[in-house]
Amino acid sequence: MTKVRFGVLSTAKIARNTVIPAMERAHNAEVVAVASESGKAKDFAVDLGIPKHYESYTDLLNDPEIDAVYIPLPNQLHKQWAIEAAKHGKHVLCEKPAALTSQDVEEMAAAFKENNVIFMEAFMYQFHPQHNRVKEMIATGEIGDVKLIRSTFSFLHDLNSGSIKMQKDLGGGVLYDVGCYCIHASRLITGEEPVEVKAAANIHPAHDVDITAAGTLKFESGVIANFDVSFEQSFKEQYEVVGTKGSIVVKHAFRPDNEGGNGVLVVNNEGGQREETVQGDQYKLQVEHFAESVLSNKQPMYNLDETLKNMRVIEQALASARN
């Protein structure tokens, strides 16, 4: 087998516009089926040239010609269908957040271990090479010792749209939606787990979900990571790493695909200011990494242990904000 044959559970916008096209660009993946329980599967399959369609997720999971599934369902449904996929012997690439609690992730991990299949949470941004470049610059001492990380991910969302982002029972809220990226980036750059987590949030009075949140993570090394996320602010997605001798701003930290794949790094240090552009197709790289893990039967670089660690920090931030 040289290509992983994917089935897609749902006709979600991110699948149509972003991830399925990335699978088509990948050298080791192909989309062979889509399933929807809302009656949209046939039209979706025809529009995108997908060979097979199913009117139920279970029917797709029963297809022996599918090796792996991609799950872009509402957050609340990730655990249920990831475990079902594992029971059917399918590998799973699942949108973030993988689940809503660390206990959910632990149950998912047990199911994947029992059925000897691979799971990866789709934090696509981490596959863009700009982040390795940032870590390179830190390692070579370009900004001295890291002391602070600032990250932000915000966009203006219609709070009365009825979207899944605004539905508590479906895992809505800004911390689940984009706060997870800022938390992940802070852990990625430090290579550590926080020893303290504090957060505050504005909770929508009618929908009871967090719509703007800010938090602070403290790491054992002494690095402080501040983040802010919002459904009530204009679009912004970046992080800054501040050291004793300078700083690095990652201008398109999470969605460089909106900039043609160009990540832009602004470095300020004792030598002055310079700008670097790092190119990468993060969605394609994500798909190829996951598919290679399946083909070689090796755990992906971002495995369920890492997902569990990130989920624990999200949980702490949510609890702190609610309290």
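Residues numbered from 1 in each chain as written. Predicted model: local features only at pLDDT ≥ 70, side-chain atom pairs only at ≥ 80, totals over all residues. Heavy atoms only, no water.

A description of the pairing of strand 9 (residues 210-219) should follow, citing residues and the corresponding values.
In terms of burial, strand 9 is a largely internal element, seven of the ten residues being buried. Relative to strand 9, strand 8 (residues 194-203) runs antiparallel, the two sharing nine bridges. Each bridged residue has a counterpart across the sheet, and for Ala 200 the counterpart in strand 9 is Ala 214. Counted between consecutive antiparallel strands, the loop separating strand 8 from strand 9 contains six residues, among which Asp 208 sits at a positive phi close to 60 degrees. Pairing between strand 9 and strand 10 (residues 224-230): seven bridges, direction antiparallel. By the bridge assignment, Leu 217 is partnered in strand 10 with Ala 225. (Buried < 20%, exposed > 50% of the residue type's maximum accessible area, 1.4 Å probe, protein only. Helix = DSSP H or I, 4+ residues; strand = E, 2+ residues; numbered from the N terminus. Pairing = 2+ DSSP bridges.)

Go over the packing of aromatic side chains with me, naming the residues and quoting the values.
Following the criterion strictly, the structure yields 13 aromatic pairs and no others. Ring geometry for Tyr 125 and Phe 254: centres 5.2 Å apart, planes at 75 degrees, overall edge-to-face. On the criterion of sequence distance, the pair formed by Tyr 125 in the loop between strand 6 (119-122) and helix 6 (130-139) and Phe 254 in the loop between strand 12 (246-250) and strand 13 (262-269) is long-range, its members being 129 residues apart. Arranged with centres 5.5 Å apart and planes meeting at 45 degrees, the rings of Tyr 181 and Phe 254 form a pair that is tilted. Here Phe 254 lies in the loop between strand 12 and strand 13 and Tyr 181 lies in helix 7 (residues 174-190), a separation of 73 residues in the sequence. Feature note: the residues Phe 123, Tyr 125, Phe 153, Tyr 181, Phe 235, Phe 254 and Tyr 302 constitute an aromatic cluster, connected by ring pairs. (Phe/Tyr/Trp six-rings, centres within 6.5 Å; stacked < 30°, edge-to-face > 60°.)

Go over the sheet that holds strand 4 (residues 68-71) with me, naming the residues and quoting the values.
Within the open sheet, the six strands sit side by side as 3-2-1-4-5-6. Their pairing is parallel. Edge strands, defined here as strands with exactly one partner in the open sheet, are strand 3 (52-54) and strand 6. Sheet twist, expressed as the mean angle between neighbouring strand axes with direction ignored, is 25 degrees. Pairing between strand 5 (residues 91-95) and strand 6: four bridges, direction parallel. If you follow Glu 95 over to strand 6, its bridge partner there is Ala 122. (Axes fitted to C-alpha atoms, helices over the stretch in contact; angles between N-to-C directions.)

Residues and numbers for the sheet that holds strand 14 (residues 272-279), please.
Spatial strand order, 8-9-10-7-11-12-13-14: eight strands in an open sheet with mixed pairing. Of all strands in the sheet, those with a lone pairing partner are strand 8 and strand 14, marking the two edges. Within the sheet, the average angular offset between the axes of one strand and its neighbour, ignoring direction, is 15 degrees. Summarising the sheet, strand 13 and strand 14 pair through eight bridges and their orientation is antiparallel. Within strand 14, the residue paired with Val 267 across the bridge is Arg 274. The sheet contacts of helix 9 (residues 304-322) involve strand 8 and strand 9, and relative to strand 8 the element is tilted by about 50 degrees. (Contact = heavy atoms within 4.5 Å.)

How would you explain helix 4 (residues 78-87) if you had to name every residue and give the values?
Among all positions of helix 4, only His 78, Trp 81, Ala 82, Ile 83, Ala 85 and Ala 86 are buried. Where helix 4 is buried, its residues touch strand 1 (4-9), helix 3 (57-61), strand 4, strand 5, helix 5 (102-114) and strand 6. Two residues or fewer after helix 4 comes Gly 89, characterised by a positive phi angle close to 75 degrees.

Please provide a residue-by-residue account of the packing of helix 5 against helix 9, values included.
Relative to each other, helix 5 and helix 9 sit at 170 degrees, their axes nearing to 9 Å. With respect to their mutual orientation, helix 5 and helix 9 come out roughly antiparallel. Both helix 5 and helix 9 take part in a crossing whose hand is right-handed. Taking contact as the criterion, the partners of Ser 102, Val 105, Glu 106, Ala 109 and Phe 112 in helix 5 are, on helix 9, Leu 304, Thr 307, Leu 308, Met 311, Arg 312 and Glu 315. Residues of the contact of helix 5 with helix 9, tallied by class, amount to six nonpolar, two polar and three charged. (Parallel < 35°, antiparallel > 145°, perpendicular 65-115°, else oblique. Left-handed = near helix turned anticlockwise from the far one by under 90°. Nonpolar A, V, L, I, M, F, W, Y, C, P; charged D, E, K, R; others polar.)

Which residues make up helix 5, and what are the values?
With 13 residues, helix 5 ought to run about 18 Å at 1.5 Å a step, and its terminal C-alpha atoms sit 18 Å apart, in line with that. The secondary structure elements touched by the buried residues of helix 5 are helix 4, strand 5, strand 6 and helix 9. One or two steps after helix 5, the chain reaches Asn 116, where phi turns positive at roughly 55 degrees. (Expected span 1.5 Å × (residues − 1).)

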